[in-house]
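A look at the structure
So the chains spell out like this:
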4 protein chains.
Amino acid sequence: MPAWNELLKPPLEALRYLSPFTIKYGSDEMHAVWSEKSRALAVRDLWIATAYVQMEAGLVTQEQYDDLVVNREKLDIREAYRMELDRDYSRFTGHDIVAASREYGDKAKIGGSIIGKGETSEEPLSNSEILLTHKGIDILDRRIVSVLTSLVSPIRKYKDLICMEWTHLQAAEPTTVGLRLAGYAQDLLNDLSILRFFKTLILGKGIKGAVGTSASFTHMLEGNPMTAREMEDKIMARYGLTPALITTQTYPRKFALMAVTANAFMGQSAYKFANDLKILQSTPFGEWAEPRRRDQVGSFAMPHKENPNNAEGIKALARGLAFHVAHMWFIAADTTLGRGLEDSAGKRSVIPESFLAADEILVRMDRMVKGLQIREVPIARNLAAYGPFVAMEIILSELSRNPNVDRPAMHDSLREKARTANEAVRRGEPNPLQDLVRTDSELTKYLSTEEIDSAFTSVNKYIGDAPERCHEMADIIEKELVKTT
Amino acid sequence: MPAWNELLKPPLEALRYLSPFTIKYGSDEMHAVWSEKSRALAVRDLWIATAYVQMEAGLVTQEQYDDLVVNREKLDIREAYRMELDRDYSRFTGHDIVAASREYGDKAKIGGSIIGKGETSEEPLSNSEILLTHKGIDILDRRIVSVLTSLVSPIRKYKDLICMEWTHLQAAEPTTVGLRLAGYAQDLLNDLSILRFFKTLILGKGIKGAVGTSASFTHMLEGNPMTAREMEDKIMARYGLTPALITTQTYPRKFALMAVTANAFMGQSAYKFANDLKILQSTPFGEWAEPRRRDQVGSFAMPHKENPNNAEGIKALARGLAFHVAHMWFIAADTTLGRGLEDSAGKRSVIPESFLAADEILVRMDRMVKGLQIREVPIARNLAAYGPFVAMEIILSELSRNPNVDRPAMHDSLREKARTANEAVRRGEPNPLQDLVRTDSELTKYLSTEEIDSAFTSVNKYIGDAPERCHEMADIIEKELVKTT
Amino acid sequence: MPAWNELLKPPLEALRYLSPFTIKYGSDEMHAVWSEKSRALAVRDLWIATAYVQMEAGLVTQEQYDDLVVNREKLDIREAYRMELDRDYSRFTGHDIVAASREYGDKAKIGGSIIGKGETSEEPLSNSEILLTHKGIDILDRRIVSVLTSLVSPIRKYKDLICMEWTHLQAAEPTTVGLRLAGYAQDLLNDLSILRFFKTLILGKGIKGAVGTSASFTHMLEGNPMTAREMEDKIMARYGLTPALITTQTYPRKFALMAVTANAFMGQSAYKFANDLKILQSTPFGEWAEPRRRDQVGSFAMPHKENPNNAEGIKALARGLAFHVAHMWFIAADTTLGRGLEDSAGKRSVIPESFLAADEILVRMDRMVKGLQIREVPIARNLAAYGPFVAMEIILSELSRNPNVDRPAMHDSLREKARTANEAVRRGEPNPLQDLVRTDSELTKYLSTEEIDSAFTSVNKYIGDAPERCHEMADIIEKELVKTT
Amino acid sequence: MPAWNELLKPPLEALRYLSPFTIKYGSDEMHAVWSEKSRALAVRDLWIATAYVQMEAGLVTQEQYDDLVVNREKLDIREAYRMELDRDYSRFTGHDIVAASREYGDKAKIGGSIIGKGETSEEPLSNSEILLTHKGIDILDRRIVSVLTSLVSPIRKYKDLICMEWTHLQAAEPTTVGLRLAGYAQDLLNDLSILRFFKTLILGKGIKGAVGTSASFTHMLEGNPMTAREMEDKIMARYGLTPALITTQTYPRKFALMAVTANAFMGQSAYKFANDLKILQSTPFGEWAEPRRRDQVGSFAMPHKENPNNAEGIKALARGLAFHVAHMWFIAADTTLGRGLEDSAGKRSVIPESFLAADEILVRMDRMVKGLQIREVPIARNLAAYGPFVAMEIILSELSRNPNVDRPAMHDSLREKARTANEAVRRGEPNPLQDLVRTDSELTKYLSTEEIDSAFTSVNKYIGDAPERCHEMADIIEKELVKTT
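Quick look at the structure, then. (Residues numbered from 1 in each chain as written. Chains lettered and ligands numbered in written order. Predicted model: local features only at pLDDT ≥ 70, side-chain atom pairs only at ≥ 80, totals over all residues. Heavy atoms only, no water.)

Remarks on helix 12 (residues 228–239) of chain C
Residue and element names in this part refer to chain C. Selection rule: Each helix corresponds to a stretch of at least 4 residues labelled H or I by DSSP, and each strand to a stretch of at least 2 residues labelled E; elements are numbered beginning at the N terminus. To estimate how far a helix should reach, multiply one less than its number of residues by 1.5 Å. Only protein chains enter the accessibility calculation, which uses a 1.4 Å probe; a residue is then buried when its area is under 20% of its type maximum, exposed when over 50%, and partly exposed in between. Arc definition: it is the arc formed by the directions from the helix axis to the C-beta atoms.
With 12 residues, helix 12 extends 16 Å between its outermost C-alpha atoms, agreeing within 8% with the 16 Å of an ideal straight helix rising 1.5 Å per residue. All of the buried residues in helix 12 are Ala228, Met231, Glu232, Ile235, Met236 and Tyr239. Around the axis of helix 12, the buried residues are gathered within 120° of arc, so they sit on the same side. Immediately beyond the C-terminal end of helix 12, within one or two residues, lies Gly240, with a positive phi of roughly 95°.

Structural notes on the relation of the copies chain A and chain D
How we decide: To superpose the copies, least squares is applied to the C-alpha atoms of every residue with a pLDDT of at least 70 in both.
Mapping chain A onto chain D leaves a residual RMSD of 0.0 Å; the transformation is a rotation of 180° accompanied by 0.0 Å of translation along its axis. As the rotation angle and translation indicate, the two copies are arranged about a two-fold axis. If distances are taken from each C-alpha of chain A to the rotation axis, the shortest is found for Ala326 of chain A, at 3.2 Å.

As for unusual backbone geometry
Despite not being glycine, Leu337 of chain C has its phi angle at roughly 45°, a positive value. Inspection of the secondary structure assignment puts Leu337 of chain C in the loop between helix 14 (309–333) and helix 15 (344–370). Although it is not a glycine, Ser214 of chain D sits at a positive phi angle of roughly 60°. Tracing the chain through its elements places Ser214 of chain D in the loop between helix 10 (177–201) and helix 11 (215–220). Residue class for Ser214 of chain D comes out buried when judged on its relative accessible area of 0%.

Concerning the interface of chain B and chain D
Let me state the cut-off plainly: Residue contacts are defined here by distance: any two heavy atoms, one from each residue, within 4.5 Å place the two residues in contact. What counts as a salt bridge is simple: a side-chain nitrogen of Lys or Arg found within 4 Å of a carboxyl oxygen of Asp or Glu. Counted as a polar contact is a pair of N or O atoms within 3.5 Å, where, for protein atoms, one must be capable of donating a hydrogen and the other of accepting one, and residues adjacent in sequence contribute only when both atoms are in side chains. Under the convention adopted here, Pro, Cys and the residues Ala, Val, Leu, Ile, Met, Phe, Trp and Tyr are nonpolar, Asp, Glu, Lys and Arg are charged, and Gly plus all remaining residues are polar.
On the chain D side, the residues contacting the 69 residues of chain B number 69 residues. Counting every contact that joins chain B to chain D gives 12 salt bridges. Where chain B packs against chain D, one counts 30 residue pairs in polar contact (both at pLDDT 80 or more). Per element, the largest residue contribution to the side of chain B that touches chain D is 12 residues, and it comes from helix 14 (residues 309–333) of chain B. In terms of residue class, the side of chain B that touches chain D is built from 33 nonpolar, 13 polar and 23 charged.

Details of the interface of chain A and chain D
Condition: Buried surface area refers to the total accessible area, computed with a probe of radius 1.4 Å, that the two partners give up upon joining, counted for both partners together.
Between chain A and chain D, the contact holds 84 residues from the first and 84 residues from the second. Both faces considered, chain A and chain D share a buried interface measuring about 7,000 Å² in area, 64% of it formed by carbon and sulfur atoms. Per-residue buried area on chain A facing chain D is highest for Trp329, Leu337 and Arg469 of chain A; these three make up 12% of the total on that side. Where chain A meets chain D, there are six salt bridges. A salt bridge links Glu472 of chain A to Arg229 of chain D, with the shortest nitrogen-to-oxygen separation between them at 2.6 Å. The tally of links between chain A and chain D comes to 38 residue pairs in polar contact (both at pLDDT 80 or more). For the side of chain A that touches chain D, the element with the most residues is helix 13 (residues 254–281) of chain A, which contributes 16 residues. Its residues placed into classes, the side of chain A that touches chain D shows 42 nonpolar, 24 polar and 18 charged.

And the structure:
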């Protein structure tokens, strides 16, 4: 739970629009990654790593370095914002990193003069953004693993719980609850491997200066035994990132595209899961339901009404993830030459909100899977209502082997019975098809009542190798989890 | 029906990808607008209009003009393509309009030399594209009007056919079939007015030369009593378009954005209609269904299975319309200065396919509305199953007026009954709530059995002013249609 | 300027992501529309309007109504949020409108019990959202009018300031600065008429209850001379909205789609304007520049470097507007039956951020137009460099009239000269073409030096009727403005 | 070159819209993958593989299998389409796979009865679509490798060709032509690894029947030593695909999303490359140019005008790739339960057109890289014009080390000189800054003329470690290529 009671103080809520991504969505943990404080400290950490390596190169003193370290947490974001944005302020700079640097210098009087020595504003900005992206990915990785873990048990438990499968929202053939869950698990396994793969490609800008040549650092280090490239490698190692070989002023925005794309892949799986669940939870289907909070009295006059709030919320959040991909594509594609500023306004909200939405989705999905209600009564009711029609296929295939059958006549007769049965089902009555068929004197010339009954009974175990596939999927997840932990 | 049997001749299908928008979607009428022949003739017509006006200005002879008119239909698209695309051809030009002009000149030997006198290739290209856009809009306008006309009768007929309304796919309160249909009609009325409004804003490029100054025409007409502006006005009037006051080399791509936006608005309405229908047609809901073709035997072993093919198809096609808007937005936005060629590849498919998809959607929607199956038996079944819960609200509001009622106890008792009733409904049994309530000795101290029964009965006419609203909507449509015809 | 210094108080910035749309973009005026306070008051105003009309119907007392009015401004958003979101709070509701209603009731002890009498939560939610949308549209309307007003003077002033027009970013033919500005004006006039047209279609939900039938109000008003429809009309009139004839539980999301679409149309115009400006401001083009702040020292070592911050920012913000349209399309399209909650998460940020971005864009654009730097020296330099090539066309057309000219030979000779001239221009030298041509002994057989010089000179007035079109556009804007005010 | 002259036969072009993806874009090789014939044969191949394995299982005779093999190429697509689409045809089926099966049966009289024995239509449809996707990926893989190969030589050649880098389209600091090219190479390397990674995740549906349980195959193989799972594995192995463990009726649409996403990643790189090139090719920049065809005379009167047709075309095609991702996301996300038909209309064009566009982009890009014109004269001209401003930074940093300098006064003096120099540059004159600075009597008190000249000279080698990075990138590509071949 966010410390929501601290979030809204007058006059903030009276003066400004507040994003739902500030107030409502995302775990505290994910917010901690994308908070203003976290961004500011990640910038400072790049400067601290820089100072450390430059100390090694003899460009910075121990005292200066220590001063930066000691004052790392002394952060006055309000002052930094003021220096960036308030044109009436005497210390106005109009520039976020210049302001941040001066604000840091206010605290670190000794180290202040060597903050980001020789670096452009994109050394801290680009690298810190990638660092936070990695942190965000790590959280989402754990969340996907958690949902997968939560899926193992119901996949095994319901591996052979037969239920209708619906194609085009029409009752089709039976499947099992476990197999359906295994499908969601397979989706998430794909997403997880994509997320992990992309993480390996998302590299830091490194320390390459205004246009990526390191010319200013080469110049600065003339005569120094440390080369610009060595300085870059050391700073990045200390910061926890691998630098890309080639960048311009910024990291290639393709890296940000990778992150939001990975999130959207997961979002696609979650959307399908949530959409399926919403349909299965609808009053007339009634087979599955998302968990209800213990304190959730529900509409007591309307106990049948259980709004799929979480499923609908997931769908809504996931859609946003899809558009973030297209949006970020244009941000990355329309980066002209060394760089433009067209990336800024979009990136500021798209990247964090992609992670916050993905985070919210996965937290909810985990809760939903853990508390998923599988309602065996309506499942059986639907199977009883529509399963008999599946038996017709089996009977027809039996009949087709007998050359003596007057097929057209038999077909007409069976079709008539199926129609009659369907009318009854539509009125809400039990499906009378089996009775209609087994009492047909014409049909029983070719098939015994036992054979007919057997066809109808066989529908209830018409699940092929679904249970085996469920176990295999559960095994794969467990192997994957072992790898992870 | 397309002359599909003429479409595929070897080796076309063996060599090239064929778009579903060539083979499957769109009426013959809409294809006739966007066919290669139609495009070519619209280009020639601009040249003919130009020649006519230039004849008036003394720049073209009657003989030249007549020659163009006489040869208008003599069209060899293959030759024009060859001159445009075949680099090994001696007459290769690499330019569509140059090729089209020469191919016309092959036929019109006398008028050939004055084709598009003084004009750039964008005079015929830009203006013809707008002309075809207007033609496409006119077809869609008629189609929307047709769907609206088709809706009038069922809106009136079902104005008071009570049925459950579903929110979050949960049974909520009753509505009427007519009111739901009236909602779709209102959506389409909005779309129609948007389409018509945009049409008034979509103007021709006019005759303004390479960068929109008409400089070349001013130069050409030096000493002529006809001014460049007069020539533009006369050509456009003859061509059937109003010219925009300001253009660069091309018409502002914002006009194309308007067209695809109008189509997407309609698509949004159709998507909602189709999505609702698919759900209502799903086996467990079962209330509505799209029409079946007379010759459609259906899965006879599975008479309950009626795939909502048209609804699903509409959803699929409508989605494309939404992305066309975003795509065209970037085409229009990223037009640098006088123009770029970034508009070309996208525009070539986006504009026609937006119209073809919209056309296909409306043709299907009209068929669906005309043959819409409203199944009163399942509608009544669902109302019987879930309507009693609505009655609970009425009873509770009655009880709340009586100060003697021990409300917590009464609430507990009623909640218990509702839960029992809900369990029964989930098993597929009739809703026993009314019986449970009317036989409760505690409750009948405050409400008579008649009052209780009356609450349950009143649910069946709990439709407020839905019928009046239906009539009003039907009246509005009819008034609109009178305006149209 | 936002009261930024009040925005960030610990621990908000330490704990939560803050959207750039909270901190950076949008005028105070637009934020005031979409602030939490504004939303809360718009909800309360719907309840006040309801109480007023219900007082007229005898359902509410004057004292109750007055109490609501008197306590309107006593708003404790923090408490309302707590009741909505804090599951550990004894007054937790989990519902925004229930919480808002109770929080209002805390203040208005007398009127508290009749807040939103008979209404669902969507009466205040849906209607207030439309009301704020109208307010947002009104602000944007004024801003577009302001930009248009700002454009009138430079359109007239630069109507005949000749400059190169660039197609494919290649120097093409001359245009005028005024004509280019008139094109942007025409775009915005289109956008303004779209915005105004859509506003007429964006109607309130009205007062129609849970599924749009007004059944609960019909029930509530049984025996009352006021009908449900009259109550709706009166409340809406008092609230300042026209109700839609048909709605479900909410207003049709198509209305929200209209609003974000209108904003995206404007954004498309702004994107093109900004993109053109960025190119024209690029160091090598150098013809236009956005205004510099008086206090903007600029990179003093690099006086040539003037980053087009505002143009790039506009492009970035405008892109978001395009994706909002596609996003909202799906929100509107995927509204199933009576409603779903899939609209919520997206709508909460998409609608306000569409308005805030549009607002920021227009504020910047107005500033840019007002302070636009038109640099006549580089404009003349580019015309001098590339204009002579335009003269070649004129010379060639003159030569083509003379049957004695050996055209192939002449063409070869001229092409050679043009190549030579182009090489010189590429080296940064003045274009020598005129000299090369006028001293060609072969050519001067057919054209006098005066005629040749005249061709080169004529380029400098090769602007056709651009000035007239500029005046016409300026007149149209002024007429439009008169209409507006 | 497509056999364009066979493409358009009357009345096709007279009757139907033809997609530019049929006529204009994509190599013959890629068209061969997505042609109707290719699709039909891939379907037949699945049936042949099925027959082979079922022959092994004793369900099909050698004669039947052979008959299918022998008649594989006898394909009458027109007849199949007629059976699918022509409602007036006696053999009308309304179903693509049923029609294809019967049309195959017309040719293979012996094997006709066992075509796709026991399979649903999605066994051939789903698996063939994945097979073609793999083929498409393989072509694109080769094309990316080809572009990378083409990049190696210019990256090495121009590793130290110094040129201005532009940020915000403003002259910034120098970079090298090779480094810029190396950046494009790095982008494509990322894209290649994404494409290859995704290919490993894109699996076949396998042979799992109507809802993914293999129930019908289990039933069919009762008593047979071959299990349904073995049959699936064998058929898939023969077909050349690995089956996914879990599917419903179709392969998970997430796989299609992977394919179009990989293509869009490449498209993003190509867009940036093309956009950069267009700007660099613009008349005033003039540094790079795409190759001109040998036979391309060009506008001879306008030799400076070289439209970047291919760059603009790439941008246009690449944009489409981005929207395909969002479109396919919704197709994948909105697949309800077992399946719906909402995937169909979109998938039919999105998948092939994604591959055709990617193919066209890469073919063009390869041609552009191979023939890229690097114009050293304008490169040097721009460096001479704006490089001196870079020297100012070096001078200032030198001065800042001298405590005796009156910095404010010196700064004012230098700023004045820079402004004067900038005015000269804007007029098109050589940059006079070096002269202005070296003759300043105040400045030369602190820096010798040699030191000043040296600062200006050093700009011309201010490229840091760009050459090393170029070599490293070229080495990586070559290593990658070795791996590939």
